[in-house]
Amino acid sequence: MEQNELKTHVGKRKRYKRKNLLTSPGTLTYIGPEVEMKTKVRRIRYNENGVSNELVKSLKECLPAQNGEKVTTWLDVDGIHETGLIEKLGQLYHLHPLLLEDVVNTEHKPKLEFYDAGYLFITLKMLHVESSSPICISPEHVSFVLGTDYLLSFQEELTNDIFSPVLTRLEASAGKTRRHGPDYLLFALLDIVIDNYFIVLEQLGDALDKTEDEVISRADDFSLKDLYALKRELTVARRLIWPVRDMINQLIREDNTMLSKDIIPYYRDLYDHVMQVIDTIDSYRELVASLVDVHLSTISNRMNSVMKTLTIFSAVFMPLTFIVGVYGMNFDNMPELHSRYGYFYVWGVMAVVTVALILYFKSKKWM
Amino acid sequence: MEQNELKTHVGKRKRYKRKNLLTSPGTLTYIGPEVEMKTKVRRIRYNENGVSNELVKSLKECLPAQNGEKVTTWLDVDGIHETGLIEKLGQLYHLHPLLLEDVVNTEHKPKLEFYDAGYLFITLKMLHVESSSPICISPEHVSFVLGTDYLLSFQEELTNDIFSPVLTRLEASAGKTRRHGPDYLLFALLDIVIDNYFIVLEQLGDALDKTEDEVISRADDFSLKDLYALKRELTVARRLIWPVRDMINQLIREDNTMLSKDIIPYYRDLYDHVMQVIDTIDSYRELVASLVDVHLSTISNRMNSVMKTLTIFSAVFMPLTFIVGVYGMNFDNMPELHSRYGYFYVWGVMAVVTVALILYFKSKKWM
Amino acid sequence: MEQNELKTHVGKRKRYKRKNLLTSPGTLTYIGPEVEMKTKVRRIRYNENGVSNELVKSLKECLPAQNGEKVTTWLDVDGIHETGLIEKLGQLYHLHPLLLEDVVNTEHKPKLEFYDAGYLFITLKMLHVESSSPICISPEHVSFVLGTDYLLSFQEELTNDIFSPVLTRLEASAGKTRRHGPDYLLFALLDIVIDNYFIVLEQLGDALDKTEDEVISRADDFSLKDLYALKRELTVARRLIWPVRDMINQLIREDNTMLSKDIIPYYRDLYDHVMQVIDTIDSYRELVASLVDVHLSTISNRMNSVMKTLTIFSAVFMPLTFIVGVYGMNFDNMPELHSRYGYFYVWGVMAVVTVALILYFKSKKWM
Amino acid sequence: MEQNELKTHVGKRKRYKRKNLLTSPGTLTYIGPEVEMKTKVRRIRYNENGVSNELVKSLKECLPAQNGEKVTTWLDVDGIHETGLIEKLGQLYHLHPLLLEDVVNTEHKPKLEFYDAGYLFITLKMLHVESSSPICISPEHVSFVLGTDYLLSFQEELTNDIFSPVLTRLEASAGKTRRHGPDYLLFALLDIVIDNYFIVLEQLGDALDKTEDEVISRADDFSLKDLYALKRELTVARRLIWPVRDMINQLIREDNTMLSKDIIPYYRDLYDHVMQVIDTIDSYRELVASLVDVHLSTISNRMNSVMKTLTIFSAVFMPLTFIVGVYGMNFDNMPELHSRYGYFYVWGVMAVVTVALILYFKSKKWM
Amino acid sequence: MEQNELKTHVGKRKRYKRKNLLTSPGTLTYIGPEVEMKTKVRRIRYNENGVSNELVKSLKECLPAQNGEKVTTWLDVDGIHETGLIEKLGQLYHLHPLLLEDVVNTEHKPKLEFYDAGYLFITLKMLHVESSSPICISPEHVSFVLGTDYLLSFQEELTNDIFSPVLTRLEASAGKTRRHGPDYLLFALLDIVIDNYFIVLEQLGDALDKTEDEVISRADDFSLKDLYALKRELTVARRLIWPVRDMINQLIREDNTMLSKDIIPYYRDLYDHVMQVIDTIDSYRELVASLVDVHLSTISNRMNSVMKTLTIFSAVFMPLTFIVGVYGMNFDNMPELHSRYGYFYVWGVMAVVTVALILYFKSKKWM
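In this text the structure is predicted, and so the values were computed from the model without any measurement.

J.: Just to check I follow, could you spell out the interface of chain C and chain A for this structure?
T.: Interface size is often expressed as the accessible area that is lost when the parts come together. Chain C puts 68 residues into the contact, and the matching count from chain A is 68 residues. Of the roughly 6200 Å² buried at the junction of chain C and chain A (both faces included), carbon and sulfur atoms supply 60%. Taken together, chain C and chain A are joined by 6 salt bridges. As a salt-bridge pair, Lys111 of chain C and Asp272 of chain A come within 2.5 Å of each other at their nearest N and O atoms. Between chain C and chain A we count 14 residue pairs in polar contact (both at pLDDT 80 or more) in total. Mapped by element, the contributors of at least two residues to the side of chain C that touches chain A are helix H1 (2-14), helix H3 (97-104), strand S4 (111-115), helix H7 (224-253), helix H8 (264-326), helix H9 (335-338) and helix H10 (342-363) of chain C. Sort the elements by how many residues they give to the side of chain C that touches chain A and H8 of chain C lands first, with 17 residues.

Right, here's the structure in full:
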């Protein structure tokens, strides 16, 4: 069963589903697991004065508001397997076909891309802890398109509405989120994704604690496999989070007109958080490496102690067995055999030999 | 046989066939395996209005179209061992002799070079999986020369026409490929080479899976050699693919007039794909490293368990053998021998000793 | 108990207390250990002519002096758990809410941030040695806000007034500190924090010495765990001190108007000191790595010596036991048994065998 | 003998012969091995119209041609131990004394230096394979001074005229070399040095092959020393070749007037070759590292198999020996001894014990 | 005793003597070993026309010459423990107090600092070999202040006048040194310090040779401790020399008016020398790493050979002992015992068993 787990890891996460070579570039191909439910598109419109929130029924409703008033439109798309829908949405917003390809390519690494047409594209991973023993992290493909007065968000999973806290805050009061445009909204959503990394970290930390206990208490039959499974999860997490750092850094430094100046400090804060996540992952990785060494050194100490036991037993009993063997010989002429106290002398000799050997091993600190 | 494989690897891939030191630089020297078939040159001409596709019979047919109309000429050369032909072709297109030297030098690393005369040169490797057990990747030397209205492509192998899907697409309809010039054609061909890396990755992943199973199920007689063979293939693949990344990056950033602006996003997409390939290779390499450690730790655990078995057997039977040895002595005066139940007492003593030792080992968790 | 220590380390230092996901960004959340005492705010005002020093009772007293005269105001805040107080103080000085969030976030890494409003923010860690066996370093979160005529300092801990030497110097005489503005004061306080690193280093050095002795004198039952605990402390220290280096470097190079030109050499000196701390930590880390190797090699040498003892005992006594076994057989027809000196001959043979084996092992340098 | 080799390596290559501390800087000191033969200076003059080639007898003949016509003078100096001669030559060409110091300092690393007076200085290493088993690379110190109409080349060794192929080409026909100036000549000579690296690589590859065979076929008594000797040669080669890469790169990029524009592609080609050499060395180094691991894992597997054999023998024969010991006891009252088939029953019991143990070890996959 | 050495290393070199935290920054604190002798100040004045050289008796004599004529003043200060004297000298030359702090801080790393007032400060380490077995390098703190017409040099040690060769050269003739200003003098002094590194290297090389011999000839009782002691010295040397490289590089590149243009090539030569020192140290470090691996592999091979011996002895004698045990049993009915040649048959059986086992082990290449 453990083999299967190990294989599943590779199979589930690392493999890239190959596109048909005949497909022309720019063709949308969804390569994630098959999904039965229908994509859900929610349209939220808000400004300081109010919020509207409705499930979209026809594509026409998806366009940004164009009635002069300053209104932010947030289109939250749950599900990226209906490539036809994504494609139409892209045409509605005049998005580049390659951008749409990245929205549905669940294997794509986190990245940020600026488009000349006046929008930017962000894709990154939401992390979920699939199972806890052995711990397994599964990434969810999340993408954003930020325009001047709209934000499109795409989530791979249908059932788990991760952005609802922001929606709640939007509807609750005319707070900071409603006072700002889509750039602050993007920050709020990214903040949720990154805060979620801390939750995953906590569970990785718990798993690490458990494994740590086992390294020490079950030194004998503990297998490095568990430690390496943990290490692999940490590596996966690091690989998926690391590019987010560059992404946010680029967002801050770039002379782009997408982020207003008073929003920048919030993104800088986000950057600090990502750095903290990466830092913690790195310290976990170091701990795993130390545990591997501690485990190997424990194994080695044990082996040493087993060998010493064997050596002491052999070294004590071999001479004794030899001695009794001598007097088991059947020679006609063995004077000692006929001495009155020969038998007891032999016991004496054996006692002396035993004590001498034990003292010798004590002097060598083997006992 | 395994030795031979190992040697073959070095022999086949790493060795550089030395040029004659007396050869003046710029002399074309084909250093790949000997080939008997004749080079095949195919000339494709297309624009939005139509496509022509014919096997070239004389060198004169190879020149780009010069009848005013905007036509893209694609010259697909299969086979690079006829250096004379390559040389003449080079003169026809006024190519630098050192460029031609790189076209036929199958050991050359992937690189991109801009020439002042208004063309650019790209060479990279198509990867093929030669054999699957043990897996062995063999690179094919592929080169491109991109001019303003022509594209030359050179393939090392004659039998395997890797670019046929693009040809099929070209002939099928007046799609994207025919609407654009040779820069888009170059992209389409590079896309095929890079998509092919994913197929190779998949087979490497299968081989990794298989080896992984063996590390765990056949821990005892598993040899690291298999893992290192796999690691070497990964290293080779990485070494051949890594420069492709720089190459494409340079193509995008360079202020060159060879790529039209609306083609750039396609090359950026290509860059992302190469990064993904490298990323996967790196994660495979980490997995191999982990498997090495898991294997060594398994070996060490086994050794420990063997040693414990030996120690327990020795520690139990040595005292018993000593005891029975004692009563095998032939002393005249050994009172116990004549006691009525002496024999049975000795059995009792031995049972006690055995139980005590077993409890002792249990307390040490050796059993 | 050792397990608990190990776990405590992770638990106490590495874990990040997760914010409530519903909390809107910019909300101050104190995540350090719970504190019962009240925050203490001390206001010091000084210039060349005099010093005033009083515990603040109401927030109004906290404002910088505004009576024309050039006076530096130093507000020393002991305790950062009363987020309400910190928030009000921030409003008084018009500080950015995200800055305040970092003041109370005890998990934040050292950093420097310039704010457009004309102040800069520094946060770093004061290091304390919590316990000495096993050594455990605990960081204290310390922050500074430097304005043109004021300096705010925030300390996490209430009981340990680390800045008192500067206060003493300020009150003692109209020395360098009083002649300069808040930029020199900031230097003086940073100098104390960094000098303190040397004290921590000294204790780490002592712990290293002790462990070093144990590696050599108690090679047998020494466990790598102690070395790794030490290594972890060094890693923690390095991680917390390393960003301080960048921070000070940035302070020096930046074209900021916060530091007057004649103060810069003092900061450059600070930079040298931090470099020296990092250097020493690195050399300690190398020493730990060497000790691990020395330990493993010692273990291995011991194992070798145990094995040799076992082999010599077995190789000497096995043949002897065989020989005496031969003459313990009960065959009717065994001529040697009846020879007059058979028994003594056998002793002779055994002596020869023993001497031969001993010479053999001596020739192999096993004895 | 192997010890001596190892020492010789250090002694011969790594040691720097110390200059007398009282020597003022700029004093020429030859520190290579002592040489008895006289320095040989050959003067070649050529342009498109003709070539002259003569051994120089007096220093006056060494000056460049100054009769108006465009003629390239190549002065090939074989032997650098006659520092007086080198010094006079330097004065003749107005070379900086420190440049001359580097010409004779056989320990100097490859470097390129531009001098304001309008010449550039290059020093690098020709590599020779001294002995092949164990392989030992010995570097030859080679230097060039490139002026506008002359090239000086200095070789450490007298007997081995490595540049003769160029001379042959020069004299054979008015080819590329004669059409260009001294910058192309420098290229041609550097090309010979670098082509020679491939020959050395080939021999290193052969040595690697041989060692690889031994790792696998003679696993038992194979010593890591051979692998490390090979690794050291690779390291030496890498250290001497690596700076050549930077050197050529600098030659290409520098805005210097020494190289004419149409020569640059040739130097770029040289750069590619050096990269290929370094790449191959790196792949050899990785292979050596893998072989070390394979060797250690083989050793470990063998040990395991030895231990299992020992354990099986002990575990089978210890109980049997105990059983026969029991019935060797001399108690008066041992009922079994007098049973008619007791002896045969005992054989039966021992057969059962043996079979049981063998099945047990089979179930553990030890047999 | 070995323990003490190890501790002494850490104690003597790595520990930083903590300053009193109450000390205000810029206070001179000498932290080196206590010295009883008095500081010696020597004043040398020279130009092309002549040299004066005298021990200074009062501070007034220390000022640079101010009688119009161009004269270079070199003030050579032996001993830096009299901080009062250093302080007064600093005031005389208007040096920054923090510079003086670095002059007396014997723990300070090599560095170069430019001061706006028109002088530059250099501090670096002279290396001495304290003891040769085990080798121990001890650094001497050396500093220079270079002004337009003066050079101050400070040496930690009083007894060892390392700069005397330069003094000798100055007084001997009106050579290069006297023709140039203090910038060339600085070069000459730095050259002595760096030439001295080669002497230290030579001794490290000798120690490495000796250890290398021991690794191979005394494999059994060789301890890694010696190798690690050597490695530590190499690390210390590297750490102290590495910044010198940056320092000289900075001196060359900086657009500073302190070095005249024709002196620069001399400093570039110095740079090459430092690089050579670092290179040699790196190659020594690699050699140490290889020796560690060779040692561990030797140990492992030995263990293997010990185990094989044990296994062969056990496997041969256990069956034999069992056989003779069988015929030592006392059953009434044991037909073989009464056969006439039973005893000799048994010997035959045992011979066959022995030969069979020996052939088996030979087939496994254990013998």
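Here the narrative resumes.
J.: I would appreciate a short explanation of the interface of chain B and chain D in the present structure.
T.: Across the contact, 68 residues belong to chain B and 68 residues belong to chain D. Both sides of the chain B and chain D interface together cover about 6200 Å² of buried area, and 60% of this is carbon and sulfur. Between chain B and chain D we count 6 salt bridges in total. Note that Asp116 of chain B is salt-bridged to Lys261 of chain D, the shortest N-O span being 3.4 Å. Where chain B meets chain D, there are 14 residue pairs in polar contact (both at pLDDT 80 or more).

J.: I would appreciate a short explanation of the relation of the copies chain C and chain A in the present structure.
T.: The two chain copies are connected by a rotation around an axis plus a translation along it. The operation relating chain C to chain A is a screw motion whose rotation component is 72 degrees, with 0.0 Å of axial translation and a residual RMSD of 0.0 Å. Taken together, the rotation and translation relating the two chain copies correspond to the operation of a five-fold axis. It is Gly328 of chain C whose C-alpha, among those of chain C, lies nearest the rotation axis, at 4.6 Å. A distinct binding surface is used by each copy, with only 18% of the interface residues of chain C retained as interface residues in chain A.

J.: For this particular structure, what's the right way to read the packing of helix H6 (residues 182-217) of chain B against helix H7 (residues 224-253) of chain B?
T.: Packed helix pairs are characterised by how far apart their axes lie and by the angle those axes make with each other. Residue and element names in this part refer to chain B. Between H6 and H7, the least distance of the axes is 11 Å, while the angle of their chain directions is 160 degrees. Classified by the angle between their axes, H6 and H7 sit roughly antiparallel to one another. In this structure, the crossing between H6 and H7 has a hand that is left-handed. Facing Ile194, Tyr197, Leu204, Ala207, Leu208, Thr211, Glu214 and Val215 of H6, the residues of H7 in contact are Asp226, Leu227, Leu230, Glu233, Leu234, Ile241, Val244 and Ile248. Here the residues of the contact of H6 with H7 sort into 12 nonpolar, 1 polar and 3 charged.

J.: Mind showing me how you'd approach helix H10 (residues 342-363) of chain A here?
T.: Because the α-helix completes a turn every 3.6 residues, residues three or four places apart line up on one side. Counted at 1.5 Å a residue, the expected span for H10 of chain A with its 22 residues is 32 Å, and the 31 Å between its end C-alpha atoms agrees. Among the residues of H10 of chain A, Gly342, Tyr343, Val346, Met350, Leu357 and Phe361 of chain A are the ones counted as buried. Summarising the axial view, the buried residues of H10 of chain A lie within an arc of 100 degrees, below the 170-degree limit, and thus occupy one face. In H10 of chain A, the exposed positions that point more than 90 degrees away from the buried face belong to Tyr345, Val352, Leu359 and Ser363 of chain A. Buried positions along H10 of chain A lie against helix H8 (264-326) and helix H9 (335-338) of chain A, helix H8 (264-326) and helix H9 (335-338) of chain B together with H8 of chain C. Taken from the residues just after H10 of chain A, Lys365 of chain A is the one with a positive phi, measuring 60 degrees.

J.: Which parts of the structure should I look at to understand helix H2 (residues 83-92) of chain C?
T.: Residues and elements named next belong to chain C. Along H2, the positions that sit buried rather than exposed are Ile86, Leu89 and Gly90. Down the axis of H2, the smallest arc covering the buried residues is 100 degrees, so these residues share one side. Looking at the packing, one finds that the buried side of H2 touches strand S3 (72-78), H3 and strand S7 (150-155). A positive phi of about 55 degrees marks His94, the residue just after H2.

J.: Just to check I follow, could you spell out the UniProt feature "transmembrane region" (unreviewed entry) in chain A for this structure?
T.: When the UniProt feature table is mapped onto this chain numbering, "transmembrane region" (unreviewed entry) sits at residues 310-329 and 341-361 of chain A. Along residues 310-329 of chain A, the helical share is 85% and the strand share 0%, with 28 Å between the first and last C-alpha atoms.

J.: It is not clear to me how the packing of H8 of chain C against H10 of chain C should be interpreted in this structure. Could you clarify?
T.: All names here are of chain C. Contact geometry for H8 and H10: axes closest at 10 Å, N-to-C directions at 160 degrees. The orientation of H8 relative to H10 falls into the category roughly antiparallel. The crossing of H8 and H10 is right-handed. Counted together, Ile312, Ala315, Val316, Pro319, Leu320, Ile323 and Val324 of H8 and Val346, Val349, Met350, Val353, Thr354, Leu357 and Phe361 of H10 form the full contact between these two elements. Residue classes in the contact of H8 with H10 are distributed as 13 nonpolar, 1 polar and no charged.

J.: Please explain the side chain of Glu113 of chain D as it appears in this structure.
T.: Secondary-structure assignment places Glu113 of chain D in strand S4 (residues 111-115). Assessed through its relative accessible area of 9%, Glu113 of chain D is described here as buried. Within the structure, Glu113 of chain D has its side chain in polar contact with the side chain of Lys111 of chain D (distance 2.5 Å). Once residues within four sequence positions are removed from consideration, Glu113 of chain D is found in contact with Tyr119, Leu120 and Phe121 of chain D together with Arg268 of chain E.

J.: For this particular structure, what's the right way to read the environment of Ile192 of chain D?
T.: All names here are of chain D. Note that Ile192 resides in helix H6 (residues 182-217). For the pair Ile192 and Leu98, spaced 94 residues apart in sequence, the C-alpha separation works out to 27 Å. In this structure, Ile192 is in contact with Ile162, Phe163, Pro165 and Val166, ignoring residues within four places of it in sequence.

J.: Please clarify how the sheet that holds S4 of chain C should be interpreted in this entry.
T.: Paired through their backbone hydrogen bonds, the strands of a sheet run either parallel or antiparallel. All names here are of chain C. Pairing is mixed across the open sheet formed by 7 strands, whose spatial order is S2-S1-S3-S7-S6-S5-S4. Strands at the two margins of the open sheet, each flanked by one partner only, are strand S2 (50-55) and S4. Going across the sheet, the axis of each strand differs from the next one's by a mean of 15 degrees, ignoring polarity. Bridging between strand S6 (residues 135-146) and S7 involves 5 bridges; their strand directions are antiparallel. Looking across to S7, one finds that Phe144 is bridged to Ser153.

J.: Is there a simple way to think about the packing of aromatic side chains in this case?
T.: To describe a pair of aromatic rings, one takes the distance between the centres and the angle between the planes. Counted under the stated rule, the structure contains 85 aromatic pairs over all chains. Measuring from ring centre to ring centre gives 5.3 Å for Phe187 of chain C and Tyr266 of chain C, while their planes differ by 50 degrees; the resulting arrangement is tilted. Within this pair, whereas Phe187 of chain C is found in helix H6 (residues 182-217), its partner Tyr266 of chain C is found in helix H8, the two being separated by 79 residues in sequence. The rings of Phe313, Phe317, Tyr327, Tyr341, Tyr343, Phe344 and Trp347 of chain A together with Phe322 and Phe331 of chain B are connected pair by pair, giving a single aromatic cluster. Cation over ring: Arg245 of chain B sits above Trp242 of chain B, and NZ or CZ is 4.5 Å from the ring centre.

Rules used in this analysis
- Residues numbered from 1 in each chain as written.
- Chains lettered and ligands numbered in written order.
- Predicted model: local features only at pLDDT ≥ 70, side-chain atom pairs only at ≥ 80, totals over all residues.
- Heavy atoms only, no water.
- Contact = heavy atoms within 4.5 Å.
- Buried area = accessible area lost by both parts, 1.4 Å probe.
- Salt bridge = Lys/Arg side-chain N within 4 Å of Asp/Glu carboxyl O.
- Polar contact = N/O pair within 3.5 Å; in protein donor to acceptor, adjacent residues only side chain to side chain.
- Helix = DSSP H or I, 4+ residues; strand = E, 2+ residues; numbered from the N terminus.
- Least-squares fit on C-alpha atoms with pLDDT ≥ 70 in both.
- Axes fitted to C-alpha atoms, helices over the stretch in contact; angles between N-to-C directions.
- Parallel < 35°, antiparallel > 145°, perpendicular 65-115°, else oblique.
- Left-handed = near helix turned anticlockwise from the far one by under 90°.
- Nonpolar A, V, L, I, M, F, W, Y, C, P; charged D, E, K, R; others polar.
- Expected span 1.5 Å × (residues − 1).
- Buried < 20%, exposed > 50% of the residue type's maximum accessible area, 1.4 Å probe, protein only.
- Arc of directions from axis to C-beta.
- UniProt positions renumbered as here; feature names shortened; annotations may be inferred.
- Pairing = 2+ DSSP bridges.
- Phe/Tyr/Trp six-rings, centres within 6.5 Å; stacked < 30°, edge-to-face > 60°.
- Lys NZ or Arg CZ within 6 Å of the ring centre and 35° of its normal.

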